[in-house]
Amino acid sequence: MELTQHTERSYSKRRLTRLRMNFTVGEQTAFQMAVEAIRGLPLTLPLILDGKFIGLLRSENNSRAVWFSPFTDTSSIMTALYANQRTGQIWYKNVAIFSPLATRWYDLWCVGGDPQGGSYTGTAATARPLDNTVVGGLAHGPNVSPLNKHIISGWAHAFGQPNVSYVYDRVLTYESLPLTSTTTTMTNTLPAQRYNGSGLPGMLLFPTLQTTLSFAGSGAFATLTYVDQGGASSSALVTSANSGIDTHSTNASNTVPAQQALNNSGSFFHPFLPLAAGDTGARSITSFTVASVASSGLMCMVLMRPLLLVANSSSLNPSQFDFLRQWVQMPIVVDGAHISMMTYFANSSSPWFQGSLDFVWG
Amino acid sequence: MRAPALIGLLPKSKYSAVDEARAIRLAAFATMGCKVMLPVYLGRKRLGYVVGDPENKRTLWFAGAANITALRAAIAGGQYTRSAFFKNNSAGGPSTVLWYDLWSEQGDPAPPSSPYGGTASTARALDNTVIGGIQHGPDVSTSYFKQIGLISASVSNIQTLLTIYDRVLQYDGNPYSTSTTTMTNTIPPPRYNTTGDGGMQIMMTVGLTGTGAGPVALAALGYTNDQGSAETVPIQTNQNTVAPNLTAFGTTFGAEIVCPYSGGSSNAVGPFICLSQNDLGVHNVTSLQFSATDGTNKCTLALVRPIAHIVIPNSGVFWETDYIAQIMNFEQVHDKAHISLLCYPGPAGNVYGSVEFVWS
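Residues numbered from 1 in each chain as written. Chains lettered and ligands numbered in written order. Predicted model: local features only at pLDDT ≥ 70, side-chain atom pairs only at ≥ 80, totals over all residues. Heavy atoms only, no water.

Undergrad: Help me get a handle on the overall build of chain A, residues and values and all.
TA: A count of helical and extended segments in chain A gives 3 helices and 23 strands. Relative to its full complement of 362 residues, chain A shows a buried share of 62%. For chain A, the exposed surface amounts to about 12,900 Å²; the carbon and sulfur share of it is 54%. (Helix = DSSP H or I, 4+ residues; strand = E, 2+ residues; numbered from the N terminus. Buried < 20%, exposed > 50% of the residue type's maximum accessible area, 1.4 Å probe, protein only. Areas by Shrake-Rupley, 256 points an atom, 1.4 Å probe, with all protein chains shown as cover.)

Undergrad: Provide a residue-level description of the packing of aromatic side chains, including the pertinent values.
TA: Counted under the stated rule, the structure contains 19 aromatic pairs over all chains. Measuring from centroid to centroid gives 5.9 Å for F221 of chain A and F288 of chain A, while their planes differ by 70°, and the two rings are edge-to-face. With F221 of chain A in strand β13 (residues 219–228) and F288 of chain A in strand β18 (residues 282–290), this pair connects stretches of sequence that are 67 residues apart. This pair shows no difference in class: F221 of chain A is buried, exactly as F288 of chain A is. Taken together, a centroid distance of 4.8 Å and an interplanar angle of 55° make the contact between Y176 of chain B and F290 of chain B tilted. (Phe/Tyr/Trp six-rings, centres within 6.5 Å; stacked < 30°, edge-to-face > 60°.)

Undergrad: Break down the interface of chain A and chain B for me, with residues and values.
TA: With 62 residues of chain A in contact, the opposing surface of chain B contributes 72 residues. Of the roughly 5,500 Å² buried at the junction of chain A and chain B (both faces included), carbon and sulfur atoms supply 55%. Our count for the chain A to chain B interface comes out at 1 salt bridge. Put simply, E331 of chain B and R86 of chain A hold a salt bridge, and the shortest N to O gap is 2.5 Å. (Contact = heavy atoms within 4.5 Å. Buried area = accessible area lost by both parts, 1.4 Å probe. Salt bridge = Lys/Arg side-chain N within 4 Å of Asp/Glu carboxyl O.)

Undergrad: Quick rundown of the environment of S121 of chain B? Include the residues and the values.
TA: Residues and elements named next belong to chain B. Locating S121 in the fold gives a position in the loop between β6 (107–108) and β7 (123–125). In this structure S121 comes out as buried when scored by relative accessible area, which is 7%. Along the sequence, S121 and T286 sit 165 residues apart, while their C-alpha atoms lie 9.4 Å from each other. Discounting residues that sit within four places of it in the chain, S121 has contacts with Y171, D172, G173, N174, P175, T181, T182, M183 and T184. Among the polar contacts made by the side chain of S121, one reaches the side chain of N174 at a distance of 2.9 Å. (Polar contact = N/O pair within 3.5 Å; in protein donor to acceptor, adjacent residues only side chain to side chain.)

Undergrad: Explain the sheet that holds strand β4 (residues 80–87) of chain B to me, using residue names and the numbers behind them.
TA: Residues and elements named next belong to chain B. Ordered in space as β6-β4-β20-β8-β18, the 5 strands form an open sheet in which the pairing is antiparallel. Each edge of the open sheet carries a strand with a single partner, namely β6 and β18 (319–322). Here β4 runs beside β6; their pairing, made up of 2 bridges, is antiparallel. Paired with F86 across the two strands is D108, which belongs to β6. Contacts from helix α2 (residues 68–76) reach β4, β8 (146–155), β18 and β20 (351–359) within the one sheet, and its direction differs from that of β20 by about 110°. (Pairing = 2+ DSSP bridges. Axes fitted to C-alpha atoms, helices over the stretch in contact; angles between N-to-C directions.)

Structure below.
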């Protein structure tokens, strides 16, 4: 069974009464036994009856039990949609007066449109967590925990630009990073608000050019240390082949996206710094050094979690996507997610991007 | 013992109608006074939904299909209607890189005789009794949930995207003025006027006349969001320009969307005005102001709710999107909805198609 609204009230007799009418007798007995089993323990317990998964029961703060049932089939998704547990958002990013470099990844976060362009207002080399209240993220509806929110469908179009795009959650940034001869040590007073905890995957490292970078020769990372998804100190697999830093002559702004910083020996298809073997992500960046000093310019390190990878092979036709049946992904959008886009430009045409995303929770 | 299922019928519940009624009554009691939608289950069978409506001191009941099979059964049982539409762009193509509102374009449905002739800057509501909307069947909301089942469409000269929307509220005759134009909101929106319902989007089009040479930009636009709070749209550099040199609406090609506009070349980048961070939609517009005047030209603000989209990747060929088996969206089509079409890029040729509305 599903609850259509999670309340903050503690588990009460009235709440049990509301649940009782929606359970079979067997399910109710199983539910009561499970509540007793997790009392006082920080546990999430799956409830299985007669081999059938019913839902999850989680104990919180030793004072209440929270019940929720993730989507188990199409019918449960239909239930949520009929209950208006959904929203659809049309978005656009206007890059129409900017000519990109072909075959580069560009972060569209700062570009104006809908959502608005974000601004680099963080303190230099200081962790800046972002959520959906920060300007620049796509609206995706209310916080729904303990329910899960998913992206289930959408369409996308880039006029004149076949492209592939990530829709991603911009979790943490370190802005205004100069590339100097000394070690840049990050200030991590504020932790990431999502994907940051035991059993969670952490974030990928996406360095971008915030303003024009100039090097005497060529730029490159030398070292980068981070805290991995498990909380241990780790180092990015920086090599001369995969960690070059590119330059670009245009500053990121309301009409100019932020180009990827990585130059992988002249290839720009992979925008992420390689993590240590076995790591799935990072919780934070500790420090980094560069092999070449930049005479000017600033970099921004984005810690992000990809939600979708969408290919749009036509420069004229929009593409429509179904993430429920066609590409069975149903990416989970965590409460507070700061959703943005990054795009691989195929050519130097000045495009504008637009599309829609449909969200459902249950 | 469960009763055997008869061919063509869903299996009978082991619970009686009295049990079901008791479950529904208890669910209604639980949601009384709370604006909560609660599914009612009995023996793993979803009976339907109850939802509290405290403003009207009532609890509502409605059913939706329990699964795809039940939804298909509802369709097979005649709970659907299919409406064809045709928009006649016989005069040839307008700019192909703009969004166009086809509501005022000739065809079927025919547009109102004076589509933008409402009292200036005054909210007027639209429903399915107003000329110009695609018909979608009877009022069913007391018992059923109406949604789009299937869309098929073709555009004769260009690949395009069609958006089907509910046109709820309209403000006509708004001047491009550097003074603040205050909207008159005597009439509330007839739909999407409940706190937290996601509200509507703001669409700005040419109206009785177009725009001049410009440049004109949006300076301020105030609205009430779907949470009931007063907000203003963000004014973004290069993103709030009003497209210049647009033609007044024409019955042969509809109404161009004037803002947002890229400012760099002849292109409108999105159909709707960007709202304040985290706002999903609006309930009304309260004020409007521009950075410069533009003669006697006027614009129209329409508050709309997008319902579905269909991509037409090749011109002159019919394409279909199944909104049950292909794209599971289930945006509700409300009773009295005034259904119309947006088109991007602008239709260089005629637009044909049909929409199937189903209820369960």
